[in-house]
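Residues per chain are reported as follows:
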Amino acid sequence: MTKVSDEIKEQLSLEQVVEHIRWSEGLVPAIVQDVDTREVLMMAYMNRESLKLSLESGETWFWSRSRQELWHKGATSGNVQTITSLKYDCDGDTLLVEVKPNGPACHTGAITCFHNEIIGLPEKSADKASDEAGAASASANSGSESRFEVLAELESVIAERERERPEGAYTTYLFDKGVDKILKKIGEEASETIIAAKNKDNDELRLEVSDLMYHLLVLLQERKLPLDDIMSELSRRHERPRRD
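Attention in this report is confined to the structure presented alongside it. (Residues numbered from 1 in each chain as written. Predicted model: local features only at pLDDT ≥ 70, side-chain atom pairs only at ≥ 80, totals over all residues. Heavy atoms only, no water.)

As enumerated under the stated definition, the model contains three aromatic pairs in all. Relative to W71, the ring of F62 lies with its centre 5.1 Å away and its plane at 40°, an arrangement referred to as tilted. When the centroid spacing of 6.1 Å and the interplanar angle of 35° are considered together, the rings of Y170 and Y214 count as tilted. Of this pair, Y170 sits in helix α7 (residues 170-177) while Y214 sits in helix α9 (residues 202-222), placing them 44 residues apart in sequence. Among the aromatic side chains, those forming a connected cluster through ring pairs are Y170, Y173 and Y214. (Phe/Tyr/Trp six-rings, centres within 6.5 Å; stacked < 30°, edge-to-face > 60°. Helix = DSSP H or I, 4+ residues; strand = E, 2+ residues; numbered from the N terminus.)

And the structure:
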């Protein structure tokens, strides 16, 4: 994907940017994604004017096909979306807008508009599709001080899921099923981690370890054991005198 960053905007005028987009009757679909959790929040349409307003204001603007007018997301509810990046795909016919949301995206009060789950998929497919597990692998930071910040963020997201129980969220499903289901998933992910390691497949190992860590965090939340307690225990072990 091509990112419309500050550096690119210095080189391309708005008119040049819109020429890279394939408009359909003057509109282009815009997928809005939470930059922290990686959850897809909503899909709406932009025209040239709403794209211009979005770039200028740093908040999402769209074109309402039903009302035939521009609308500023959150102008009434206060649930504005601050844009962190705006990209278009390889065909130029879809936008991806990464945002920091100030509240739910859906008019129903749900965090995401995509909360109506179609049941019947294989369990593993639902697992791999969980936005929380994706957040663990996608948001990792390699900086020495913040490289584990994603764990704290993920712990916070999981705690929010337990409180609010949004429909269709995989974490809600786990908490509803209870600790036995969570433990079963941890066992499955641990086994798949072992298999990936034995196969010397680091790409698969990265995914399986991310899934395993996510499910461990769900377990800690279910048992009300803070991640800080685990980190403190590891710290105490590190500080013990060596016996060798």
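Time to look at the pairing of strand β5 (residues 69-72). Relative to β5, strand β4 (residues 61-64) runs antiparallel, the two being bridged by four bridges. Bridge pairing in β5 places S64 opposite E69. (Pairing = 2+ DSSP bridges.)

On to the nonpolar core, then. Membership of the largest hydrophobic core comes to 20 residues, with the highest contact counts inside it found for M46, L51, L95 and V97. Sorting the residues of this core by element identifies β2 (28-34), β3 (40-46), β6 (81-88) and β7 (95-101) as the ones contributing at least two each. At four residues, β3 tops the list of elements feeding residues into this core. When near neighbours in sequence (up to four residues on either side) are disregarded, M46 contacts W23, G26, L27, V28, A30, L51, S54, W61, F62, W63, L95 and V97. In terms of nonpolar packing, the next biggest core, distinct from the first, is built from 15 residues, L151, Y170, L220 and L227 among them. (Core = buried A, V, L, I, M, F, W, Y, C linked by side-chain atoms within 4.5 Å. Buried < 20%, exposed > 50% of the residue type's maximum accessible area, 1.4 Å probe, protein only. Contact = heavy atoms within 4.5 Å.)

With that settled, consider the environment of G92. For G92, the position within the fold is in the loop between β6 and β7. Considering only alpha carbons, one finds G92 and V28, 64 residues apart in sequence, at a separation of 9.0 Å. With sequence-adjacent residues up to four places away left out, G92 is seen in contact with H20, I21 and R22.

Attention shifts here to the layout of surface pockets. What the second largest pocket holds in volume is close to 350 Å³. Lining the second largest pocket are 18 residues; nearest its centre among them are W71, K73, A105, C106 and H107. Mapped by element, the contributors of at least two residues to the lining of the second largest pocket are β3 and β5. Residues belonging to the lining of the second largest pocket are distributed by class as follows: nine nonpolar, eight polar and one charged. (1 Å grid on protein atoms, 1.4 Å probe; cavity = no way out; pocket = protein on both sides within 12 Å on 5 of 7 lines; lining within 4 Å. Points joined across faces, edges and corners; volume = space filled by probe spheres on them. Nonpolar A, V, L, I, M, F, W, Y, C, P; charged D, E, K, R; others polar.)

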